[in-house]
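Structure assessment
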Amino acid sequence: MSEPQKVRIVAFLCRWCSYAGADLAGVNRTKYLPNVFPIKVPCSARMDPELVLKAFAEGADGVLLAGCHPGDCHYLRGNYKALRRYNLLKKFVTQMGIENDRLRLEWISASEGSRYAEVVNDMTSKVQKLGPLKWRREIAIEA
Amino acid sequence: MKIGVYVCHCGTNISGVVDVQKVTEYASSLPNVAVARDYKYMCSEPGQNLIIEDIKKFGLDGVVVAACSPTMHEPTFQAAVFRAGMNPYMFQMASIREHVSWVTQDPNEATEKAKRLIEAAVFRDALQAPLEKRRIPVGQAVLVVGGGIAGIEAALKVANAGKKVYLVEKSPSIGGHMAQFDKTFPTLDCSQCILTPKMVEVARNPNVELLDYSEVKNISGHVGDFKVTVVRKPRYVDSTKCTGCGICSTKCPGKAPDEFNLGMNKRKSIYVPFPQAVPLKAVIDRDSCLYFQKNICKVCIKFCSANAIDFDQKPVERTLGVGAIVLATGFKPFDAARAPEYGYGRFTNVITSLEFERMTSASGPTAGKIVLKDGKEPKSVAIIHCVGSRNVNNNVYCSKICCMQSLKHAHLLKEHVPGVTVYNFFIDLRAAGKGYEEFYRRVMEEGTIMVRGRPAYITDVPVDASEKGKLVLVAEDTVLSSVRRYPVDMVILSVGLEASDDAKDIARTFTCSRTADGFFLEKHPKLAPVATPTAGVFIAGACQGPKDIPESVAQAAGAAAEAMSIMVKGYFELDPYLARINEELCSGCGVCLNLCPYNALERDPQTGLSKVVEELCQGCGACVAGCPSNALDLDGFKTKQVEAEMEGILA
Amino acid sequence: MKPEPAAKPKVAIVLGATCSGCDYSLLDLGPTLLDVTDAVDIVYWPTGIDSKLEDLEAVPDGGVDLILFDGAVVNEDNLEMARLCRKKAKILAAFGSCGAYGGIPGLINTGSPKKILLEVYQKLPTFTEKSESPAFEGENALPKMLGQAYALDQVVPVDVYLPGCPPPLKLVASLFTDVLSGKAIPKGTYYASNRAVCYECKRVKENKDITTLHRYHEIQPDPKRCLLEQGMICLGPATRGGCDAVCCTQNQPCRGCLGPLPNAEDGGSEMMSALASIIAVSDENKDSDYSAIFNNLNDTVGSFYTFTLAKSTLGRRKVD
């Protein structure tokens, strides 16, 4: 059996729901794969598509965006904006050849610790199958 | 920058998986790090002192602690660095417990992940600037939503402390479910008798404005300054004139199922909800009223000596300004029809626990007599615990109060029906409150037959003559390890408690989260059971989870105290995470203006550029991410800081 | 003795991978062009004067005060020119969006240059057996394609940028004035506004809340109101101004040719975020599904990175 690929997935978690959900997974000692690295943001609406692209360009093999379920956003309507921005961004990254499983949006509530773990494991294994992305912004010119 | 990094062992919670020495060594090699240490318990006083001393000794201007989740101890360490003279927002936390040591199997992977997260935190901290909390003034009124025992209690506590309370109740009368109970365990006090004095007290209190038959339509604003729109539904009766005499009801020809009596009998189309209703005013039910349905009758107008009938009454909207909100919206009983194996709705003499409460109540549909549908007294009754609770098919949780309620019903049966045989079918008996276990013993001593086994189903098909005309429960007595048939006359289903039907809408309106079972989510299950993550919104009573009356009352007092502490201070401190506009980059394109749910962005009529209204900004960053020139940024979560965190992770 | 006339600044205008529209746009100077050509010594301008490459090569290194490089770098010829220009120029300016950002040629970064070459020279629908394809190898071969399209500064250091397709003449004039006056120009200066086009656009901004997207031909827009607000994809909010919003004034939504703003360098994603943010923003609720509004928007690269793909964050399609 070959070693699973070492991949790094950057996860942007909203402070009120998904970060708390991830905390809950910890409190419950749910074990999950260590390839997803959380960055806390106040709301999924803070997620600027340019940051997602920067993540890929700087070596991330996958990006996970997580927020509160529709209707439950702590800041009332932020997650709807996150969803619309994500939908358009998805079209772009697909056109640029980034595979579907590398960019993902999930709604994870503060009580869904086990769901967070599931998403982490699922996304990690899918990204591992695709292998590291190793994004190249340009092809180097041979002298 | 001179950053101090502190890696906590958290006993062995972290050090048992993560190689804290390696991690600390790595941290000390990072740019801008002046000192890196590890310690067993960073949150302890000696742990905090380590930080404080280092700040003084090394002149640190930033601190990173790698330990538990910021939700746990961010305030602890912020306070510690503040004591050492550092701005608390120069402190950054990396969670290597909830996000690493507690969830990672392989220690090497865990150590590596911890290094990444600490690097991210250090890079971010290096770009942090000092921030100041914002103080906003606090409106001196409290909104209590729900007029059950919890809502009443919360309202009284706040009102008696001298602050104004708006008590909103969607039904025509306050009282909630407690008003429907007959006796309360374990003291067997008459529920109405202990409740109605409070109902009257709260209505009479000069600081309480009772908004009966009203619902909250929406709210805006934030803690200290909520604007709440409340709609008063039309009673079609002028409350200022109605005396509650009830003559209209006696003359009214229209009928409908009586909600208070759970449909066990009928009430008139114009009615007073129950004799002890507060306010004691009549209300007209449009759907059964002959005037509204067929444009005839109007007998009530004829007989009302106070001229209180007003068919043209319209809903009335009001906007209230409050500083804090307490949600006490209660529960709904599990619908026994969802447990079809027990034949509720099919068999006439299968009733729910709440229906039994109405039956035993002197003012109920049977005037307090325990009778079968045909009017005869039952000779044998079975009480089934855990209907709709502790069941993978509907609700997995325990509803806490049904065991005691079932025992109480067993006692009442023995008291009112001489010679009756009573069976209680239970799985585990929960009698954990004060006086509860003693009550249990008493009920057993009265001769109630306790059967440990959840009945599989009820049938009315007899296998022999002794079962003719009976309801037969088929259950395994697990103590005896035998499946037996129990023929009885009446079955009482002890239904569990569920979140109310409108819990979803209420949660949305008040920006509350709910747990998987539908009840409102508390800020912390152990240490903050009546607060919610939304500042200024508190919860009390069964809406937070199934509980009995003393617990509801205690929570109500707790929520009232929380609300009061905001009022008394006179101001509330908001996080300093503010959106800021770089006026040299803003083009006035206006994309941001509609993005703020708090209306904290406006266009400056002079310059045409956008401006942030600081008192309204809640720091979500929705506008920041949408700004096409990145003229907007968010203090504390600047784009460069998020990029730096990414860099640390991907290093 | 007559005093020596002061030496005129040396200027060269060079073509890379370009439509040469920027070149042509200099003619818009009208009669002033003659004043300009009088004031400078044009060493090499294949389109404008009878000059040969040897003329440029003959100038000592660093001897050309200003070289305007018009075009992206897409084949080996362009690369050679770019390197030569860097050697010979005191100030090397990326002239036009192609030089500044890779421009429209940059869009080949979504595919393979080899495939494009074959497509254009061998597979177009108008080809028949009688059609002659140029040589790809040998003495008379087409210049070899590089692996992708590059903006000028991705192959050589660039001193000054004149973005635009073509750059607004007044900004070109600014650069000339600065060079002629000997003013010190900080390295990396963009001759364009630091604020978005919206700052200069005279259209009225009422309310950014769109429920339908329209292509150019689908509606006759209200001449007074913001085009983005009328559902047209106008990249103005995410694009440098300096052009006086001339396109928007003529009912043409901005296509983003002056490139991204200084603090928001991936202009395409900035615009996508802004656009997505204002879709039905006043009707946000969990039951409203406005994702259908993007159903016909399938070329996000062409719509949002028309001129800037090569310099964007991702830069090019995933390398296989």
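We now turn to the structure provided with this report. Note that the coordinates shown come from a computational prediction; the quantities given were computed from them, not determined experimentally. (Residues numbered from 1 in each chain as written. Chains lettered and ligands numbered in written order. Predicted model: local features only at pLDDT ≥ 70, side-chain atom pairs only at ≥ 80, totals over all residues. Heavy atoms only, no water.)

**What to know about a negative patch on the surface**
- On the surface, Glu142 of chain A together with Glu54, Asp55, Glu57, Glu76, Asp77 and Glu80 of chain C cluster together into a patch of negative charge.
- Those elements that place two or more of their residues in the negative patch are helix H3 (53–58) and helix H4 (76–88) of chain C.
- By secondary structure assignment, the location of Asp77 of chain C is in helix H4. (Patch = residues over 30% accessible without salt bridge, like charges linked within 9 Å, V, L, I, M, F, W, Y side chains within 5 Å. Areas by Shrake-Rupley, 256 points an atom, 1.4 Å probe, with all protein chains shown as cover. Salt bridge = Lys/Arg side-chain N within 4 Å of Asp/Glu carboxyl O. Lys, Arg positive; Asp, Glu negative; His and termini not counted. Charge placed at Lys NZ, Arg CZ, Asp CG, Glu CD. Helix = DSSP H or I, 4+ residues; strand = E, 2+ residues; numbered from the N terminus.)

**Thoughts on the interface of chain B and chain A**
- At the junction of the two partners, chain B supplies 53 residues and chain A supplies 50 residues.
- Between chain B and chain A the total buried area reaches about 4400 Å² when both faces are included, carbon and sulfur atoms providing 58% of it.
- Here chain B is connected to chain A by five salt bridges.
- Across the salt bridge formed by Glu643 of chain B and Lys54 of chain A, the nearest N and O atoms sit 3.1 Å from each other.
- Within the residue set of the side of chain B that touches chain A, elements represented by two or more residues are helix H3 (70–83), helix H4 (97–101), helix H5 (107–126), helix H16 (622–626), strand E34 (632–634) and helix H17 (639–650) of chain B.
- Top element by residues in the side of chain B that touches chain A is H17 of chain B. It accounts for eight residues.
- Residue classes in the side of chain B that touches chain A are distributed as 22 nonpolar, 17 polar and 14 charged. (Contact = heavy atoms within 4.5 Å. Buried area = accessible area lost by both parts, 1.4 Å probe. Nonpolar A, V, L, I, M, F, W, Y, C, P; charged D, E, K, R; others polar.)

**Thoughts on the packing of aromatic side chains**
- Applying the stated rule across the entire model yields 19 aromatic pairs over all chains.
- Relative to Tyr116 of chain A, the ring of Tyr32 of chain A lies with its centre 5.5 Å away and its plane at 80 degrees, an arrangement referred to as edge-to-face. Within this pair, whereas Tyr32 of chain A is found in the loop between helix H1 (18–27) and strand E2 (36–41), its partner Tyr116 of chain A is found in helix H4 (residues 113–130), the two being separated by 84 residues in sequence. Here Tyr32 of chain A matches Tyr116 of chain A in class, with each residue buried.
- Among the aromatic residues, those joined into a cluster by ring pairs are Tyr236, Tyr291, Phe292 and Phe311 of chain B.
- Taking the ring centre of Tyr199 of chain C as reference, the NZ or CZ of Arg195 of chain C above it sits at 4.3 Å.
- Residue placement shows Arg240 of chain C over the ring face of Tyr190 of chain C; its charged tip is 4.3 Å from the ring centre. (Phe/Tyr/Trp six-rings, centres within 6.5 Å; stacked < 30°, edge-to-face > 60°. Buried < 20%, exposed > 50% of the residue type's maximum accessible area, 1.4 Å probe, protein only. Lys NZ or Arg CZ within 6 Å of the ring centre and 35° of its normal.)

**Digging into the interface of chain C and chain B**
- Contact with chain C, which involves 22 residues of that partner, is made by 21 residues of chain B.
- Summed over the shared surface of chain C and chain B, the number is zero salt bridges.
- At the junction of chain C with chain B, the criterion picks out nine residue pairs in polar contact (both at pLDDT 80 or more).
- Of the residues assigned to the side of chain C that touches chain B, the class counts are 11 nonpolar, five polar and six charged. (Polar contact = N/O pair within 3.5 Å; in protein donor to acceptor, adjacent residues only side chain to side chain.)

**Here's the deal with the pattern of salt bridges**
- Throughout the structure, instances matching the rule amount to 62 salt bridges over all chains.
- When the shortest N-O distance is used, the salt bridge between Glu551 of chain B and Lys400 of chain B registers 2.8 Å. Placement of the pair is Glu551 of chain B in helix H15 (residues 549–569) and Lys400 of chain B in the loop between strand E21 (380–387) and helix H12 (402–416), with a sequence separation of 151 residues.
- Residues Glu137 of chain C and Lys144 of chain C are paired through a salt bridge, measuring 4.0 Å at the closest nitrogen-oxygen approach.
- Taking relative accessible area as the criterion, Glu137 of chain C reaches 60% and is therefore assigned exposed.
- Among the charged side chains, a salt-bridge network with shared partners connects Arg104, Glu106, Arg115, Asp122 and Lys126 of chain A.

Everything listed is a geometric property; what it means functionally is a separate question.
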